[in-house]
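Now for the letters of each chain:
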Amino acid sequence: AIPLVVAINTSLAARNGMLIRDRIAMEQARELDVVVFDKTGTLTKGEQGVVAVETTTGTDEDEALALTAAVEGDSEHMVARAIREAAEERALSLPAVSNFEALKGRGVQATVDGETVHVGGPNLLRQLEIDPPSDLAVFAEDAGANARSVVYLVRDGEAVAAISLADVIREESRHAVDALHNLGVEVAMLTGDSTAVARSVADELGIDTYFAEVLPGKKDEKMAELQSEGKLVAMVGDGINDAPALARADVGIAIGSGTDVAVESADIVLVQNNPVDIVRLITLSRKSYRKMQ
Ligand code: ADP
Ligand code: MG
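Rules used in this analysis
- Residues numbered from 1 in each chain as written.
- Chains lettered and ligands numbered in written order.
- Predicted model: local features only at pLDDT ≥ 70, side-chain atom pairs only at ≥ 80, totals over all residues.
- Domains from an automatic or database assignment.
- Contact = placed C-beta atoms within 7 Å.
- Nonpolar A, V, L, I, M, F, W, Y, C, P; charged D, E, K, R; others polar.
- Near = placed C-beta within 6 Å.
- Helix = DSSP H or I, 4+ residues; strand = E, 2+ residues; numbered from the N terminus.
- Buried ≥ 20, exposed ≤ 12 C-beta atoms within 10 Å, placed from the backbone.
- Pairing = 2+ DSSP bridges.
- Axes fitted to C-alpha atoms, helices over the stretch in contact; angles between N-to-C directions.

Visitor: Just to check I follow, could you spell out the domain arrangement of the chain for this structure?
Guide: Think of interface size as the accessible area that goes away when the parts come together; that is how it is often given. Under the domain assignment, the chain is made up of domain 1 (4-45 + 169-292) and domain 2 (49-166). For domain 1 and domain 2, the distance between their C-alpha centroids amounts to 31 Å. Across the boundary between the two partners, domain 1 contributes 12 residues, which contact 13 residues of domain 2. Residue classes in the side of domain 1 that touches domain 2 are distributed as 5 nonpolar, 4 polar and 3 charged.

Visitor: Would you explain the site of ligand 1 in this entry?
Guide: Lining the immediate surroundings of ligand 1 are 23 residues, of which Thr 40, His 77, Gly 105, Gly 121 and Gly 192 lie closest. Residues that form the shell around ligand 1 fall into these classes: 6 nonpolar, 13 polar and 4 charged. When residues of the shell around ligand 1 are assigned to domains, at least three fall in each of domain 1 (4-45 + 169-292) and domain 2 (49-166).

Visitor: Before we go on, may I ask you to explain unusual backbone geometry in this structure?
Guide: Negative phi is the rule for most residues except glycine; trans is the rule for most peptide bonds. We note that Asp 113 has phi near 55 degrees; this positive angle belongs to a residue other than glycine. When you line up the elements, Asp 113 lands in the loop between β5 (107-112) and β6 (115-120). Accessibility expressed as a C-beta count within 10 Å gives 10 for Asp 113, which makes it exposed.

Visitor: What is the right way to read the sheet that holds strand β4 (residues 98-103) from this model?
Guide: Sheet strands pair by backbone hydrogen bonding; their relative direction is either parallel or antiparallel. Pairing in this open sheet of 6 strands is antiparallel, and the strands run β3-β8-β7-β6-β5-β4 from one edge to the other. Taken across any chain shown, the strands that pair with only one partner, and hence form the sheet edges, are β3 (49-55) and β4. The average angle at which neighbouring strand axes cross in this sheet is 20 degrees, direction not considered. Both β6 and strand β7 (residues 149-155) contribute to a ladder of 4 bridges, which runs antiparallel. The partner of Gly 120 across the bridge, within β7, is Tyr 152. Strand contacts of helix α7 (residues 134-145): β3, β7 and β8 (158-166), with the helix running at about 15 degrees to β8, the strand carrying the most contacts.

Visitor: Before we go on, may I ask you to explain the sheet that holds strand β2 (residues 34-38) in this structure?
Guide: If you trace the 7 strands from one edge of the open sheet to the other, you get β1-β13-β12-β11-β2-β9-β10, paired in mixed fashion. Looking at strand neighbours, the two that pair on one side only are β1 (18-20) and β10 (209-211), the edges of this open sheet. Taken over all neighbouring pairs, the strand axes of this sheet differ in orientation by 20 degrees on average, direction set aside. In this structure, strand β12 (residues 251-255) lies alongside strand β13 (residues 268-270), joined through 3 bridges in parallel fashion. Each residue of the ladder has a partner; that of Ile 255, found in β13, is Leu 270.

As structure tokens, then:
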């Protein structure tokens, strides 16, 4: 039989928009040492918009944006949507592309006029072993310091343009970080985005630790790292990329309009997209399970 206190607790949780898929995890929530948040779409709104386009000398800005939007044509990533919108706003006509391929956690590639063109972030540049030219590097550094993500357009093994994108930090994220600290819980952030953006968002929110430029397949390893330090770890995320990390965490929490995969890998689902609900979850767990002892 289910202990009465747990039954009450579960329906109380449900009324607070928390779906408990694993009761052990709900109980463990009271003892968490660290909560790891996914950045994009969890701490931020994930609604990106293009801020600026920077090109190397000899590259036309509109042409670069049109080419980038064309290569992004079949991508569902928020970055791709923002870039296509920007090209549309400028009423640019896009070149035809073929052989589109999504490079998970890195970017995209396609063939344009017989040439292979890449678009992606820092993980892509690392894979292609490309250093951006100094004008683009300066642009990226400045963007990163302002918490703006940067993706590069790569032709012939050279980065020829960079596009900066702004996202919005959720107002509730700061409250969540402060309240977690008040509960004695450490806060960390995990992202595939650049170190510069991660640092800037972490500083802004007062987050203790961040892991940046992490490839989708490596996110769960960060959970294991924290666990090997003897910590009880919660992971909060919404994306397909987050599923292995959610599964690996002691308490996996899918938030808001999470993907089906994220929801299936999670122990607890928070119906609303509000990081403060993590705090309410821990508080509820502490209250409920103290009664049982
Ligand atoms: P996140 O940690 O933000 O959920 P992802 O794993 O989806 O990130 O992507 C990591 C990084 O890879 C992004 O920040 C971006 O730099 C790059 N990237 C991924 N998909 C695309 C795309 N379609 N176009 C450009 N860059 C991309
Ligand atoms: Mg994400």
